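Overview (structure and organization)
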Amino acid sequence: MATERVLDLRYNEMWKAWNNTGEEVDDYSSFKGDLVLSWKQLSVTVVKKIPKLIGSSEVVTKQILNNVSGNVECGTLLGIMGPSGSGKTTLMATISHRTKGNFSGELLLNGRPVSEDVMIKISGFVAQEDISFVQLTVLEQLKIMARLKMDRATTDKVIKDRIDYLSAHLGLNKILKSRLCVLSGGERKKVALAVQLINDPPILFCDEITTGLDSYSAAHIVNTLRTVAQSGKIVICTIHQPASGLFDQFQEVILLTNGRLAYQGSVSLVNNFFQKYGYICPATYNKADFIVSILNSDGVLDRNNINDMCELSSNVAQMDIKFNSFNKDVQSEYGHHLQAEKISWITQVLLLLYRSIMCFIRNYKEKILEFGTLMFLGVITASPYANLQFDTKAVQNWQGFWLCLVINIVFQFSYSAIATHQIKFSVVHREVSNKVYSLSAYYVSEIIILYMWVFIKTIIFCIVVFWIVGVEWVFMQLLVFLILTFASVSYGSLLSAYFSRVEEAIVFSTVYEYLALPLSGAYLSFRSLPKVLYSLRYLSLFFLGCETVSTLFWERITSLPCTDIANCLDNGKAVLNKYGFISSDLYFDIMTLLLFCLLANILGYFGVLKKMKIQPAY
């Protein structure tokens, strides 16, 4: 009789960890040490202004955390749990120095105040919402982040070994060549975790890392974090309604309710703590759900019991006992974790440029559509002017062609760049705030890739349009159009840097265009304008474009067949005089466009820098 085969559905690592029968697993790092992270009487208050239609704005103050204290030491997996809105994420963002808001209280590492700069250098933060450049593969993401986060002296072999090690222990080997955009939620969580572990930080923060995952994936993630903690690290997670059995994976837990601390201690003693208040969890009930339901209860008796818990946990004497017991003998140094040197600024630019190029190439469908639209508009613009003749009657047609071409370029290229920084801002904001690379390195790499693409589009666009119309162009004309497109792109990028929403940028741009377009030289006689308004023409991209291209075209025309004696424009200079263009200002106009590019990019950088001061999306 054949032996009956039974499929063992138990996940080995998860099962061993839950039953504490597994053999010791390899450490996730070579780091071994004594670190204690402490926070004492933390309070966080936010102030919001609610605008009113009439009168001053209403100021609303809300306290998110109220007198919360706690400690966590190396080798501990600590969970922060509580009902929605209880302050879990705020507490973790505060103790990890990832919040831009002010807080009162003490935040200490080994009994000494720890600065934001130090905390960010020695800790990793896995956010609840994973945002990244999804066109990259898992391996590319890990390699780039390893280069950016690890010491500049780290060799390629060490980086490869580190990636191989994390891939093996996090189960990433099968997806290393897959793009991030095709991964499941659980796989992306693992990749985000690997990125934060790549430089071996002694402290790891994870926000709602099991949210949205099935129980199997959640168990694997928590089991991995437990292994990371056992290697000698501090691991702190916020958790929301963990599955049955998952809650017991944590060694310690912090329970919050309405911004107050109800309990911190061993997970194994939680039931005993609640039993003192008459709460007994049924044997078949999820312990975590049972605790949250009590903390979230509106019953009078329950609220009184919860207040007693909070008052006991917030007792100053009790906090001092716990605080001192953790910190009195722990004074080891952690300075060696701060000695890692970042790669040079140039290397950062090259890495970020490589990342941008890879994302650009893999986003080819959108770029083909963008290029096709530009070519279509170019053909539409040029077709009515096909095979223009050189005589007096054609002067208006020629000048209309140059005006339409300039308008097309300014509109098309400025609006194509108007969402430049909004698209990537959330990812860059988080990475720059975590000191992964400098903002200036990112900004320069973006300008380079943007200008490279604009260069290619402009050259092809101009050659096609000139061929349709029959323009005997010279390279100086191509150069002028390149500078004009760079100025237009810089203008769109500037708007993107200062406006958070594309709609707001478009409204502002529309106002500018209504003012700048009449100054192009085609709609107004400059001689009839007051001097103040006449001088404003240099603020108009349309005027600068029209005067430069018109000068380059008409200055070479020495004679025109005159078909209308009464209104005869017999040479190019006469045409320029009629439209109010000054040929001697050609190089001044070009320099003005170049200066516009430079100033727009500099101001754009400061606009992005200003946005960086707000709280990143953690």
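Since the structure is predicted, the reported quantities are computational estimates derived from the model, not experimental observations. (Residues numbered from 1 in each chain as written. Predicted model: local features only at pLDDT ≥ 70, side-chain atom pairs only at ≥ 80, totals over all residues. Heavy atoms only, no water.)

1. A short note on the overall build of the protein chain
A count of helical and extended segments in the protein chain gives 22 helices and 10 strands. In the protein chain, which comprises 618 residues, the share counted as buried stands at 52%. A sequence separation of at least 24 residues applies to 77% of the contacts in the protein chain between residues at least 6 apart. Taken as a whole, the protein chain presents about 29600 Å² of accessible surface, with 59% of it coming from carbon and sulfur. (Helix = DSSP H or I, 4+ residues; strand = E, 2+ residues; numbered from the N terminus. Buried < 20%, exposed > 50% of the residue type's maximum accessible area, 1.4 Å probe, protein only. Contact = heavy atoms within 4.5 Å. Areas by Shrake-Rupley, 256 points an atom, 1.4 Å probe, with all protein chains shown as cover.)

2. Describing the layout of surface pockets
By volume, the second largest pocket is sized at about 750 Å³. As for the second largest pocket, its lining consists of 30 residues, of which N363, E366, K367, I423 and K424 are closest to the centre. Contributing elements (two or more residues each) for the lining of the second largest pocket: α12 (345-362), α13 (364-382), α14 (395-416), α15 (420-433) and α16 (439-469). Sort the elements by how many residues they give to the lining of the second largest pocket and α16 lands first, with six residues. Of the residues that constitute the lining of the second largest pocket, the class distribution is 15 nonpolar, nine polar and six charged. (1 Å grid on protein atoms, 1.4 Å probe; cavity = no way out; pocket = protein on both sides within 12 Å on 5 of 7 lines; lining within 4 Å. Points joined across faces, edges and corners; volume = space filled by probe spheres on them. Nonpolar A, V, L, I, M, F, W, Y, C, P; charged D, E, K, R; others polar.)

3. Brief notes about the sheet that holds strand β2 (residues 58-73)
With respect to topology, four strands assemble into an open sheet ordered β2-β1-β4-β5, the strand pairing being antiparallel. Looking along the sheet, the strands with just one partner apiece sit at the ends: β2 and β5 (112-113). With six bridges connecting them, strand β1 (residues 36-50) and strand β4 (residues 103-109) associate as antiparallel partners. By the bridge assignment for β4, S43 is matched with S104. (Pairing = 2+ DSSP bridges.)

4. Overview of the packing of aromatic side chains
The geometry of an aromatic ring pair is captured by two quantities: the separation of the ring centres and the angle between the planes. Following the criterion strictly, the structure yields 26 aromatic pairs and no others. Consider the rings of F411 and Y415, whose centres lie 6.1 Å apart with planes at 20°: the pair is stacked. A residue pair is termed a helical-turn pair when its members lie 3 or 4 positions apart in one helix, as F411 and Y415 do in helix α14 at four residues. Residue placement shows K611 over the ring face of F425; its charged tip is 5.5 Å from the ring centre. (Phe/Tyr/Trp six-rings, centres within 6.5 Å; stacked < 30°, edge-to-face > 60°. Lys NZ or Arg CZ within 6 Å of the ring centre and 35° of its normal.)

5. Regarding unusual backbone geometry
The phi angle at N67 is positive, at roughly 60°, despite the residue not being glycine. Note on placement: N67 falls in strand β2. One non-glycine residue, E208, adopts positive backbone phi at about 50°. Following the sequence through the fold, E208 ends up in the loop between β7 (203-207) and α7 (215-230). We classify E208 as buried; its relative accessible area is 7%.

6. Let's talk about the confidence of the model for the protein chain
Confidence in the prediction for the protein chain averages 83 pLDDT; 85% of positions are at 70 or higher. Considering only residues more than four positions removed or in separate chains, one finds that residues 1-32, a stretch of pLDDT under 50, has 48 contacts. (pLDDT = per-residue confidence, 0-100.)

7. Overview of a nonpolar patch on the surface
Side chains of Y498, L595, L598, L599, I602, L603, F606 and L609 sit close together on the surface and give an oily, nonpolar patch of about 720 Å² of accessible area. By residue number, the principal contributor to the nonpolar patch is helix α22 (residues 586-611), which donates seven residues. (Patch = residues over 30% accessible without salt bridge, like charges linked within 9 Å, V, L, I, M, F, W, Y side chains within 5 Å. Salt bridge = Lys/Arg side-chain N within 4 Å of Asp/Glu carboxyl O.)

8. Structural notes on the side chain of K611
Here K611 is to be found in helix α22. Each residue touching K611, except ones within four places of it in the same chain, is listed here: Q422, F425, H429, S496, A497, Y498, F499 and S500.

9. Things to note about the sheet that holds strand β3 (residues 76-81)
Pairing in this open sheet of six strands is mixed, and the strands run β6-β7-β8-β3-β9-β10 from one edge to the other. Pairing within the sheet leaves two strands with one partner each, and these edge strands are β6 (123-126) and β10 (260-266). The mean inter-strand angle of the sheet, taken between neighbouring strand axes irrespective of direction, is 15°. Pairing geometry for β3 and strand β9 (residues 252-257), over four bridges, is parallel. Note on β9: the bridge partner recorded for M81 is L255. The sheet contacts of helix α2 (residues 88-95) involve β3, β6, β7, β8 (234-239) and β9, and relative to β8 the element is tilted by about 155°. Packed onto the sheet, helix α9 (residues 287-295) meets β3, β9 and β10 and runs at close to 30° relative to β9. (Axes fitted to C-alpha atoms, helices over the stretch in contact; angles between N-to-C directions.)

10. A closer look at the pattern of salt bridges
A side chain of one charge can pair with a side chain of the opposite charge if their charged atoms are brought near each other. Using the criterion set out here, one finds 13 salt bridges in the structure. Note that R362 is salt-bridged to E140, the shortest N-O span being 2.5 Å. Here R362 is found in helix α12, whereas its partner E140 is found in helix α4 (residues 138-149), with 222 residues between them in sequence. For E370, the salt bridge identified is with K367, shortest N-O distance 3.9 Å. Of this pair, E370 and K367 both sit in helix α13, three residues apart, roughly one helical turn. Look at the salt bridges and you will find they share partners, linking K367, E370 and K457 into a network.

11. Quick look at the environment of I254
Note on placement: I254 falls in strand β9. When the C-alpha positions of I254 and G82 are compared, they lie 8.3 Å apart, and in sequence the two are 172 residues distant. With residues near it in sequence (within four places) discarded, I254 still touches W39, L78, G79, I80, M81, L91, L261, Y263 and Q264.

12. Overview of the UniProt feature "transmembrane region" (unreviewed entry) in the protein chain
Under the present numbering, the feature "transmembrane region" (unreviewed entry) in UniProt falls on residues 368-388, 400-420, 441-469, 475-499, 506-526 and 586-608. Counted over residues 586-608, helix gives 100% and strand 0%. Its end C-alpha atoms are 33 Å apart. (UniProt positions renumbered as here; feature names shortened; annotations may be inferred.)

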